[in-house]
Amino acid sequence: DTEVTQTPKHLVMGMTNKKSLKCEQHMGHRAMYWYKQKAKKPPELMFVYSYEKLSINESVPSRFSPECPNSSLLNLHLHALQPEDSALYLCASSQERIADEQFFGPGTRLTVL
Amino acid sequence: AQSVTQLGSHVSVSEGALVLLRCNYSSSVPPYLFWYVQYPNQGLQLLLKYTTGATLVKGINGFEAEFKKSETSFHLTKPSAHMSDAAEYFCAVRISTGGGNKLTFGTGTQLKVEL
């Protein structure tokens with residue numbers, strides 16, 4: 001299985017809602033990532049988990065809360081988002097070596113009303 | 001700091017023509033370089049990567065790239081474009097920080113293939 005899956009594919013939420021994005025991989029990768037991608041822009045790194053521990057937080061607002069329950073799962077909890085947070089949220093995973101490529105999921109298209 | 005620059009945000013070619021997408025890197029240490037492709041409303045797919053060894057790297061879908069240290073370049077080429085190649089292409093460099101390995105992307109090049 002060389003796939004990263006993400007659910008849901010689409011999400012529409014109000015600014016007062018609480019929702020979660022889910023990411024799963026079964027490739028035995030020990031590093032997992034969340035990216036945010038705005039239209040016509042490259043992905044921007046948000047968080048990196050290494051061996052289920054948060055290793056990089058790129059100064060992301062606290063309304064985004066990541067969680068790594070086990071080595072195969074990665075969640076992104078959303079609360080009190082702003083309309084400018086509307087974007088494609090991509091999850092990726094990789095082995096730990098610097099030469100290893102990241103495998104990306106198809107993304108969750110988030111719209112904040 | 002390590003970074004990549006992609007020249008040309010939009011490239012248009014005719015079907016069957018050569019595809020050339022440019023990427024230059026900035027790095028004080030040997031870089032680990034990647035090319036990814038993104039089709040509309042999808043995630044990113046790896047085309048090829050350069051780590052060490054052979055400087056001409058072959059990837060999927062007929063793409064290849066050559067690592068040129070003297071020119072600090074890692075341009076992506078394909079001899080004959082196909083309509084299905086129309087997509088966004090990102091060059092990226094993998095860097096190591098205290099917290100882990102990060103992937104830094106260029107700004108992307110939108111490839112259009114015309115009949």
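**Quick notes on the pattern of salt bridges**
Step number 1: Counted under the stated rule, the structure contains nine salt bridges over all chains.
Step number 2: Put simply, Glu-101 of chain A and Lys-49 of chain B hold a salt bridge, and the shortest N to O gap is 2.6 Å. With Glu-101 of chain A in the loop between strand 9 (87-94) and strand 10 (103-104) and Lys-49 of chain B in strand 5 (residues 44-50), this residue pair bridges two chains.
Step number 3: Judged by relative accessible area, Glu-101 of chain A falls into the buried class, the value being 18%.
Step number 4: Judged by its relative accessible area of 27%, Lys-49 of chain B is partly exposed.
Step number 5: Note that Lys-112 of chain B and Glu-114 of chain B form a salt bridge whose closest N and O atoms lie 3.7 Å from each other.
Step number 6: Several salt bridges share partner residues, and in doing so they unite Lys-36, Arg-63 and Asp-85 of chain A into one network.

**Some words on unusual backbone geometry**
All names here are of chain A.
Step number 1: Omega for the bond connecting Thr-7 with Pro-8 falls within 30 degrees of zero, at -10°, which places this linkage in the cis form.
Step number 2: Tracing the sequence through the fold places Pro-8 in the loop between strand 1 (4-7) and strand 2 (10-13).
Step number 3: Positive phi, close to 55°, is recorded for Ser-59, a residue that is not glycine.
Step number 4: In this structure, Ser-59 sits in the loop between strand 6 (53-57) and strand 7 (64-70).

**Topic: the packing of aromatic side chains**
Step number 1: Following the criterion strictly, the structure yields 13 aromatic pairs over all chains and no others.
Step number 2: Ring plane angle 40° and centroid distance 5.4 Å describe the contact between Tyr-35 of chain A and Phe-104 of chain A, whose orientation is recorded as tilted. With Tyr-35 of chain A in strand 4 (residues 31-37) and Phe-104 of chain A in strand 10, this pair connects stretches of sequence that are 69 residues apart.
Step number 3: By relative accessible area, which is 10% here, Phe-104 of chain A ends up buried.
Step number 4: Between Tyr-50 of chain B and Phe-74 of chain B, the aromatic rings sit 6.4 Å apart at their centres with planes inclined by 55°, giving tilted as the arrangement.

**Looking at the sheet that holds strand 8 (residues 73-78) of chain B**
Residue and element names in this part refer to chain B.
Step number 1: Taken in spatial order, the five strands of this open sheet run 1-3-8-7-6, and their pairing is antiparallel. The sheet is open, and its two borders are formed by strand 1 (3-7) and strand 6 (56-58), each paired with just one other strand. Between one strand and the next, the sheet's axes are offset by a mean angle of 20°, whatever the strand orientation.
Step number 2: Judged from the five bridges that link them, strand 1 and strand 3 (residues 19-26) form a sheet pairing that is antiparallel. Opposite Thr-5, over in strand 3, you have Asn-24 as the bridge partner.

**What about the state of the cysteines?**
Step number 1: Scanning the entire structure with this criterion turns up two disulfides over all chains.
Step number 2: Each sulfur of the disulfide joining Cys-23 of chain A and Cys-91 of chain A lies 1.9 Å from the other. The disulfide joining Cys-23 of chain A to Cys-91 of chain A has a torsion of about -70° about its S-S bond and is therefore left-handed. With Cys-23 of chain A in strand 3 (residues 18-25) and Cys-91 of chain A in strand 9, this pair connects stretches of sequence that are 68 residues apart. The exposure classification of Cys-23 of chain A matches that of Cys-91 of chain A, with both residues buried.
Step number 3: Between Cys-23 of chain B and Cys-91 of chain B runs a disulfide, and the two sulfur atoms are separated by 2.0 Å. Across the S-S bond linking Cys-23 of chain B and Cys-91 of chain B, the dihedral sits near -60°, which makes this disulfide left-handed. Remark: Cys-91 of chain B occurs in strand 9 (residues 87-96) and Cys-23 of chain B occurs in strand 3; sequence separation between them is 68 residues.
Step number 4: Residue classification places Cys-91 of chain B among the buried residues on the basis of a relative accessible area of 0%.
Step number 5: Its sulfur unpaired, Cys-68 of chain A is 9.2 Å from the next cysteine sulfur, which belongs to Cys-23 of chain A.

What counts, and at which threshold
- Residues numbered from 1 in each chain as written.
- Chains lettered and ligands numbered in written order.
- Predicted model: local features only at pLDDT ≥ 70, side-chain atom pairs only at ≥ 80, totals over all residues.
- Heavy atoms only, no water.
- Salt bridge = Lys/Arg side-chain N within 4 Å of Asp/Glu carboxyl O.
- Helix = DSSP H or I, 4+ residues; strand = E, 2+ residues; numbered from the N terminus.
- Buried < 20%, exposed > 50% of the residue type's maximum accessible area, 1.4 Å probe, protein only.
- Phe/Tyr/Trp six-rings, centres within 6.5 Å; stacked < 30°, edge-to-face > 60°.
- Pairing = 2+ DSSP bridges.
- Axes fitted to C-alpha atoms, helices over the stretch in contact; angles between N-to-C directions.
- Disulfide = S-S within 2.5 Å.

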